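Structural overview for review
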Amino acid sequence: MRLPPSSMPFFKWWEDAVLRMGWLLIIGAAVLWAGAAAAEVGMRALSFTNPADGGAARVVVWYPTDVPETPVRRGPFTFRVAEGAPVAEGRHPLVMLSHGSGGSAFGHADTAMALARRGYVVAAVHHRGNAFDDDRDAGTERMWRNRPAQLSAALDYVLADPDLAGRLDGDRIGAFGFSAGGYTVLVAAGGVADLGRITAHCRTPPAGERFCHLGNEETQARVAARDPRIRAAVLMAPVGVPFSKGGLAGVTIPIRLYRAERDEQIAGSQVEKLRERLPVPFEYEVVRDAGHFAFLMPVPAAIAAEVGPPAWDPPGFDRAAFHERMNAEIADFFDRTLAIERQGR
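Residues numbered from 1 in each chain as written. Predicted model: local features only at pLDDT ≥ 70, side-chain atom pairs only at ≥ 80, totals over all residues. Heavy atoms only, no water.

This next bit is on the nonpolar core. Val61, Leu94, Met96 and Tyr183 are the most contacted members of the largest nonpolar core, which has 54 residues in total. Apart from the residues lying within four places of it in its own chain, the contact partners of Val61 are Gly42, Met43, Arg44, Leu46, Val121, Val122, Ala123, Val158 and Leu164. In this structure, Val41, Met43, Ala109 and Tyr120 belong to the second largest nonpolar core, which totals 43 residues. (Core = buried A, V, L, I, M, F, W, Y, C linked by side-chain atoms within 4.5 Å. Buried < 20%, exposed > 50% of the residue type's maximum accessible area, 1.4 Å probe, protein only. Contact = heavy atoms within 4.5 Å.)

Our next topic: the pattern of salt bridges. Evaluated as defined, the whole model comprises 24 salt bridges. Residue Arg145 is joined to Glu141 by a salt bridge in which the shortest nitrogen-to-oxygen separation is 3.0 Å. Here Glu141 and Arg145 lie together in helix H3 (residues 141-160), a separation of four residues that amounts to about one turn. A residue is classified by how much of its surface remains accessible, and Arg145, at 35% relative accessible area, is partly exposed. A residue is classified by how much of its surface remains accessible, and Glu141, at 23% relative accessible area, is partly exposed. The residue Glu283 makes a salt bridge to Arg336 at a minimum N-O spacing of 2.6 Å. Of this pair, Glu283 sits in strand S13 (residues 283-287) while Arg336 sits in helix H8 (residues 319-337); the two residues are 53 residues apart in sequence, bridging distant segments of the chain. For Glu283, a relative accessible area of 23% gives the class partly exposed. Residues joined in a network through salt bridges with shared partners are Arg256, Glu283, Glu285, Arg325, Glu329 and Arg336. (Salt bridge = Lys/Arg side-chain N within 4 Å of Asp/Glu carboxyl O. Helix = DSSP H or I, 4+ residues; strand = E, 2+ residues; numbered from the N terminus.)

Notably, Ser179 is not glycine yet its phi reads approximately 60°, a positive angle. Along the polypeptide, Ser179 turns up in the loop between strand S8 (168-178) and helix H4 (180-188). On the basis of relative accessible area, Ser179 is assigned to the buried category, the value being 1%. Residues other than glycine seldom take positive phi values, yet Ala339 does so here, at roughly 55°. As for its position among the elements, Ala339 is in the segment after H8. For Ala339, a relative accessible area of 44% translates into the label partly exposed.

Take Thr111: it is sitting in helix H2 (residues 109-117). Among the residues examined, Thr111 registers a relative accessible area of 1% and is labelled buried. In terms of polar contacts, Thr111 uses its side chain to reach the side chain of Asn327, at 2.7 Å. Not counting residues up to four positions away in its chain, the partners in contact with Thr111 are Phe176, His323, Met326, Asn327 and Ile330. (Polar contact = N/O pair within 3.5 Å; in protein donor to acceptor, adjacent residues only side chain to side chain.)

And the structure:
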């Protein structure tokens, strides 16, 4: 999904605005997380080969560590993390993260860090060609095809990285994705996408839906890129149009599915039809009063008005409170579906 013009420059605008205003956004000990004893969180950025063109692509990794956290500045963000620190002892489950169209690897940092405090390693792909700083492929067949390939290539790289490999449990890998990232994760989970369905959908889109606002390249291509290493998936307001019932027949892993009740980008019917077509039992929640961007980490109130739609929520919706709950739900889901045993449970 391409975001509408008013929100496409969100992450770039956020970078400029925060630097201009001197805003300090610290995500660390005060992260939106209600879990038990918090581990220290490490962070590092890695570069892997983009399978589409052989160029460099990025993945940001959060993980538990024993090294104390300090403030680390990255563009507009100041994270309280232990940058480059070693991963804590043990073999940790891994969760891959796929952001939405025009988004950023940092768009779900609070959720990634909440999982890291729970003992997970989280690797967030920065999708080259469909991110805030490189969106040349948005809405094209190339975008829909490259995203799942990038997710698997990033997974290959993380599992082979000499500093991470010995600390990862390759038998316990999950993934979560938002919007176009939900599509990405669903393909990796075994879904076969028929891109011609997007063309048909956008001829007569549901009233008020902005999914087709900037159009999509007409193509009849199919995308199949199952990655059998992924054992469980969380989908947040996913793009569901490309998947028929037959196209979802290969999805056999546990799924947790979220729909935003007042989603202005992805019509509720997209997610409901996806729900009806999934062949295996799954967990499903309609987030009451939530808009599409409710799944992005909360935006500081001081700049929300200028940021625009990605920072706005419908009246009465508390994004911070929702994230506190959602982050715990996602961690619990992966604990159960990846068979993570914890003391005291």
